[in-house]
Amino acid sequence: MATPKPRSGRSTSLREPGDNIRLTESEKIEGTGSWETLEWTKIEPAPRSVPEGLLGFLLEAEQVIVEGYGVVLVNTDEAGTLFVTNYRLLFLSEGSRNIIPLGTIPLATIEKFNKIAMKLPSAPRQSDRAPSRRLLQVIGKDMRIIVFGFRPRTKQRRAVFDALVRCTRPVSLWDLYAVSSRPSRFSNTNPTVRLLNEYFRLLGMVSCNASASSIEDGSYTVSNEWWRISAVNSTYTMCPTYPFALLVPKCISDEEVLQASTFRARCRLPVISWCHPGNGAVLARSSQPLVGLMMNMRSNADEKLVASLCTHLAGPKQPRRKLYIADARPRKNALANGAMGGGSESSSNYFQSEIVFFGIENIHAMRDSLSRLRDYLDTHGATSSDGMSSFLRHGGWTWGGGNLSSMSASVSTLGDTGWLIHVQNVLAGSAWIAARIALESASVLVHCSDGWDRTTQLISLANLLLDPYYRTFKGFQWVDCVSQLLRMYPFAFEFSSAFLVDFLDCVLSCRFGNFLCNSDKERQQSDIFDTSGCLWMYLADLRASEGSSHVHYNLFYEPSKHEGPLLPPAAALAPTLWPQFHLRWACPSEAQAGEVEAQCRSLAKKFSELQKAKEAAEMKAKEIAATTESLSAALQNEKQISSSAMNLAKRATKESAAIKRAIQSLGCKVHFSGSGDCTVNIESNQTEIPHKLIQSPSKRESDGNMMQNDDKSDLSVSITVIDEVDSNNPITKVCESLCPLRSRDGGCRWPDAGCAQLGSQFVGLKANFDAFDRLSIYDSYFRSE
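All figures in this text were calculated on a predicted structure; none of them were measured in a lab.

Helix and strand counts for the protein chain stand at 22 helices and 17 strands. Looking at the 785 residues of the protein chain, the share that counts as buried comes to 45%. Residue pairs in contact within the protein chain that sit at least 24 positions apart in sequence constitute 66% of those at least 6 positions apart. By element, 54% of the accessible surface of the protein chain is carried by carbon and sulfur atoms, the whole surface being about 39,900 Å².

Here it is, written out as structure tokens:
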């Protein structure tokens, strides 16, 4: 590595817990983000504040304790800001101010950490002045090894290291983030209620629902033909590490249960974990029997309890079913436990039983194997913690070989880790158990030394193989081996590999309280479920944001294809690395490369987008069709209005003609203009004009002008034709004065203005009668020639 080039200095900041934390987005570290660009010697003591943009990355109740600036993530040669919070190490890129996932790890996921000093290469004539790297190595339980580099003589590494010591080793349970962050919006449901509901399901009592009241009054101790729920451990006095309710054979009393518990290590007597709904076989678990060094100790209560697991097969004359006692340990380990009072059962002491040893190593051997696997991945990965990836692994590099100079290298081949052997043994043992129950209708009792770890793994996987319920989100438990089965049976599981990864991350991070403490009793005493969030609620909330398109859902899930048990053949139990979990930090590109599910999900997403576009286009077409129909209706309405207007115009024309004839019958001249106005000129003698006819228009007409001269002058009246219902219309007034059929309220009893014709006739007749009244008997009717 070349000698660092001097450039403008950057300030550093080191805050103690409780300092006010405020950061602005403009306060970003300069430089390109590599070791060469960092200035190791120049130190500016000016403090910096926490960026405001960090607040958007913090979880609820998450608080920053210490921060360091100018820190380099050696794995990727990227500079940024490292924060220690009460929940995690948080690493932000100096350029984008985004979280760098590789450098961000929950405190509970950290297995160990240590300080490392490494001498930097220097230019000629400056060998004595070259500073050394201040490194902090962090090893995670999630298969990553990350290294941070700090500026020398800034004391930032020491502050971060001390903060990690305090936060990763809490004094009490209440110092954990899962408890200190309360209250959480992902509230827990009562675990005792969930347990009882599962028991009801196994007993076939689908109509029963557990509640807090049923737990208080003890009414949950129900039973079916063979099995019952016992409250013998309700106060956790018999076995502190067992649940408060146990599923036991119906023929065994609580007194016999208490007696049998004394013959098993840690009082973990045989209890039922699963019942076959069809053939009546059961899967039970326990710890090793206390047979002693000579393997000759016996217990009548224990033998009776184990024998009662083998009920009669279906049918009145069928023999009792066979019992397999599956010891998860190697045979030599079981014999060695005899020196401490333990050991294994003898088939001669247990009715119709057969003892089988699976040869699975204990938890300590598995942890050591997982550690070697982590070292191997770091050695051969593309983001090795020795910082050589940027020099040796560019271009078309793929996982599987290369640099062997990692500071944590301890194995050279994948087989040397032994991890896949452990996975294969657990898978084979679970498949064997499931086959005995499904194919032979036999009952199986599983145990190891103390009845946890290997026993839990075997029981959980066997349940998952036997019962489709456990392959759903609601019924799941277990991880790496499940990913192997998910690879073999992609149609059988509702959840995807991404769900398993997120689930495991939540378990390792201790962000939620579901897996804290060692037993239900400890969780009840610590009130964990009321003071911490629920992992299952959190994962369900993630899925609810996107529905069935969320990455947690298995695209290939078809429960109808695997309604019964999964019984993988022995040849299929050849496990591989779990790419999404094992390789995601060491080889991010390889973790997703070639994953069929990811490709199908991408295609499904595109199809969904096209489907939405199609639906939007169809909706738009419907809207256009509706608009067109509305416009057509409006046009039709306009046509009707136009037709009605034309009819009204024709009617008005007829009425005008009738009025014209009526007025002309009085000896007047009428002229209609294009605007609808009409002018009436009366040329006859004023004395011959009816008084009402003259007075009525002159009173009502507001815009007309009446000119009156001598006896021979003309009388001009301007009349505006208005609708006949208007009371101010002069013609209407004339009509009212002349028509005897006009009602008092202004209505006309003649339809279709029939009064106009009648009115004209009436006016003519009245004029004739008036003229006749003025005739004298002496007047002649005919003039002489």
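Resuming the write-up.
One non-glycine residue with positive phi stands out, namely Lys-155, at about 65°. Residue position: Lys-155 is located in the loop between strand S7 (145-150) and helix H1 (156-168). Accessibility expressed as a relative area gives 63% for Lys-155, which makes it exposed. One non-glycine residue, Gln-352, lies in the positive phi region at around 50°. Under the relative-accessibility criterion, Gln-352 is labelled partly exposed at 34%.

Before going further, it helps to spend a moment on the pattern of salt bridges. Opposite charge on two side chains permits pairing when their charged atoms draw close. Overall, the coordinates contain 19 salt bridges when judged by the stated rule. Taking the shortest distance from any N to any O, the salt bridge between Lys-304 and Glu-256 comes out at 2.5 Å. Placement of Lys-304 in helix H6 (residues 300-307) and of Glu-256 in helix H5 (residues 254-261) is noted, with a sequence separation of 48 residues between them. When the shortest N-O distance is used, the salt bridge between Asp-302 and Arg-264 registers 2.9 Å. Note that Asp-302 is positioned in helix H6 and Arg-264 in the loop between H5 and strand S10 (271-275), a separation of 38 residues in sequence.

Time to look at the environment of Asn-349. Note on placement: Asn-349 falls in the loop between helix H7 (331-336) and strand S13 (353-357). A sequence separation of 53 residues divides Asn-349 from Asn-296, and the C-alpha atoms of the two residues are 9.9 Å apart. Setting aside chain neighbours within four positions, we find Asn-349 in contact with Arg-298 and Glu-303.

This part takes up the pairing of S13. Across 5 bridges, the pairing between strand S12 (residues 323-327) and S13 is parallel. Bridged to Tyr-324 within S13 is Glu-354. Note that the unit made of S12, H7 and S13 has a crossover that is right-handed.

Our focus in this paragraph is the sheet that holds strand S14 (residues 443-447). Sheet strands line up and pair through hydrogen bonds in the backbone, either parallel or antiparallel. Pairing is mixed in the open sheet, where 5 strands are placed in the order S10-S11-S14-S12-S13. On the outer flanks of this sheet lie S10 and S13, each paired with one strand and no other. Within this sheet the neighbouring strands show an average axis-to-axis angle of 25°, counted without direction. Running over the sheet, helix H10 (residues 419-440) touches S10, strand S11 (282-285), S12, S13 and S14 and is turned about 165° from S14. In this fold helix H11 (residues 454-466) packs onto S10, S11 and S14, with an angle of close to 165° to the strand it touches most, S11.

Let's shift gears to the UniProt feature "coiled-coil region" (unreviewed entry) in the protein chain. UniProt marks residues 600-627 with the feature "coiled-coil region" (unreviewed entry), using the numbering shown here. End C-alpha atoms of residues 600-627 are separated by 40 Å, and the span's content is 100% helix alongside 0% strand.

This part covers the packing of H11 against helix H12 (residues 480-488). Closest axis-to-axis distance for the H11/H12 pair is 10 Å, and the angle between their directions is 25°. Of the possible angle classes, the one that applies to H11 and H12 is roughly parallel. The element H11 and its partner H12 pack so that their crossing is right-handed. When H11 is examined against H12, the residues Leu-461, Leu-464 and Leu-465 are found in contact with a partner set consisting of Cys-481, Val-482 and Leu-485. Here the residues of the contact of H11 with H12 are counted per class, giving 6 nonpolar, no polar and no charged.

What follows deals with helix H8 (residues 363-380). The terminal C-alpha atoms of H8 lie 26 Å apart, and with 18 residues this matches the ideal 26 Å at 1.5 Å per residue to within 8%. Looking at H8, one finds that the buried residues are Met-366, Ser-369, Leu-373, Arg-374, Asp-375, Tyr-376, Leu-377, Asp-378, Thr-379 and His-380.

Here the focus is the confidence of the model for the protein chain. Per-chain confidence: the protein chain averages 78 in pLDDT, with 72% of residues scoring 70 or above. Considering only residues more than four positions removed or in separate chains, one finds that residues 390-409, a stretch of pLDDT under 50, has 52 contacts. Predicted confidence is poor over residues 781-785, with pLDDT under 50, and the contacts of this stretch with residues over four places away or in other chains come to 0 contacts.

One recurring pattern in soluble globular proteins is that nonpolar side chains are buried together. Counting 97 residues, the largest nonpolar core has Leu-196, Ile-229, Leu-283, Ile-433 and Phe-493 as its most contacted members. Tallying contributions element by element places H10 first for this core, with 9 residues. For Phe-493, the residues in contact, after removing those within four places along its chain, are Leu-464, Arg-471, Val-482, Leu-485, Leu-486, Asn-554, Tyr-557 and Leu-566.

On to the environment of Phe-244. Looking at the secondary structure, you find Phe-244 in the loop between strand S8 (227-230) and strand S9 (246-249). Residue classification places Phe-244 among the buried residues on the basis of a relative accessible area of 5%. Along the backbone, Phe-244 and Ser-230 are 14 residues apart, and their C-alpha atoms lie at a distance of 8.7 Å. Excluding residues within four positions of it along the chain, Phe-244 makes contact with Thr-192, Leu-195, Leu-196, Ile-215, Tyr-220, Ser-230, Ala-231, Asn-233, Ser-234 and Tyr-236.

On to the side chain of His-582. Within the element layout of this structure, His-582 appears in helix H17 (residues 579-582). In terms of polar contacts, His-582 uses its side chain to reach the side chain of Asp-480, at 3.5 Å. Those residues within four positions of His-582 in sequence are excluded, and the remaining contacts are Met-143, Leu-373, Leu-377, Trp-419, Asp-480 and Leu-577.

This part covers the side chain of Asn-554. Relative to the helices and strands, Asn-554 is located in the loop between helix H16 (535-544) and H17. Judged by relative accessible area, which is 9%, Asn-554 ranks as buried. Among the polar contacts made by the side chain of Asn-554, one reaches the main-chain amide nitrogen of Phe-556 at a distance of 3.1 Å. With residues near it in sequence (within four places) discarded, Asn-554 still touches Leu-486, Pro-490, Phe-493, Glu-494, Phe-495, Ser-496 and Glu-597.

To continue, consider the packing of H10 against H11. Helices that pack against each other are described as a pair by the angle of their axes relative to one another and the distance between those axes. At their nearest, the axes of H10 and H11 sit 8 Å apart, and the two run at 50° to each other. As judged from the angle between their axes, H10 and H11 are oblique. As H10 runs across H11, the sense of the crossing is right-handed. Two secondary-structure elements touch here, H10 through Val-426, Leu-427, Gly-429, Ser-430, Ala-431, Ile-433, Ala-434, Ile-437 and Ala-438 and H11 through Gln-457, Leu-458, Leu-461, Ala-462, Leu-465 and Leu-466. Here the residues of the contact of H10 with H11 are counted per class, giving 12 nonpolar, 3 polar and no charged.

Each aromatic ring pair is summarised here by two numbers: the centre-to-centre distance and the angle between the ring planes. By the definition in use, this model includes 22 aromatic pairs. Geometrically, the ring pair formed by Phe-186 and Tyr-538 is edge-to-face, given 5.4 Å between the ring centres and 85° between the ring planes. In this pair, Phe-186 sits in the loop between helix H2 (177-180) and helix H3 (191-202) while Tyr-538 sits in helix H16, placing the two residues 352 residues apart along the sequence. The class for Phe-186 is buried, based on a relative accessible area of 5%. Classification of Tyr-538 as buried rests on a relative accessible area of 17%. Relative to Phe-499, the ring of Phe-473 has its centre 5.0 Å away and its plane inclined at 85°; by these criteria the two rings are edge-to-face. A residue pair is termed long-range when its members are at least 10 positions apart, and Phe-473 in the loop between H11 and H12 and Phe-499 in helix H13 (residues 497-509) qualify at 26 residues. The burial state of Phe-473 is the same as that of Phe-499; both residues are buried. A cation sits over an aromatic face here: Arg-268 above Trp-452, 4.5 Å from the ring centre. For the cation-ring pair, Lys-561 lies above Phe-491, with the distance from its terminal atom to the ring centre recorded as 4.0 Å.

Right, let's talk about H16 for a bit. Residues of H16 that are buried include every one of Leu-535, Tyr-538, Leu-539 and Arg-543, and no others. With its buried residues spanning 140° around the axis, H16 presents them on a single face. Check the buried side of H16 and you find it contacts H13.

Rules used throughout
- Residues numbered from 1 in each chain as written.
- Predicted model: local features only at pLDDT ≥ 70, side-chain atom pairs only at ≥ 80, totals over all residues.
- Heavy atoms only, no water.
- Helix = DSSP H or I, 4+ residues; strand = E, 2+ residues; numbered from the N terminus.
- Buried < 20%, exposed > 50% of the residue type's maximum accessible area, 1.4 Å probe, protein only.
- Contact = heavy atoms within 4.5 Å.
- Areas by Shrake-Rupley, 256 points an atom, 1.4 Å probe, with all protein chains shown as cover.
- Salt bridge = Lys/Arg side-chain N within 4 Å of Asp/Glu carboxyl O.
- Pairing = 2+ DSSP bridges.
- Right-handed = clockwise from strand over helix to strand, strands pointing away.
- Axes fitted to C-alpha atoms, helices over the stretch in contact; angles between N-to-C directions.
- UniProt positions renumbered as here; feature names shortened; annotations may be inferred.
- Parallel < 35°, antiparallel > 145°, perpendicular 65-115°, else oblique.
- Left-handed = near helix turned anticlockwise from the far one by under 90°.
- Nonpolar A, V, L, I, M, F, W, Y, C, P; charged D, E, K, R; others polar.
- Expected span 1.5 Å × (residues − 1).
- pLDDT = per-residue confidence, 0-100.
- Core = buried A, V, L, I, M, F, W, Y, C linked by side-chain atoms within 4.5 Å.
- Polar contact = N/O pair within 3.5 Å; in protein donor to acceptor, adjacent residues only side chain to side chain.
- Phe/Tyr/Trp six-rings, centres within 6.5 Å; stacked < 30°, edge-to-face > 60°.
- Lys NZ or Arg CZ within 6 Å of the ring centre and 35° of its normal.
- Arc of directions from axis to C-beta.

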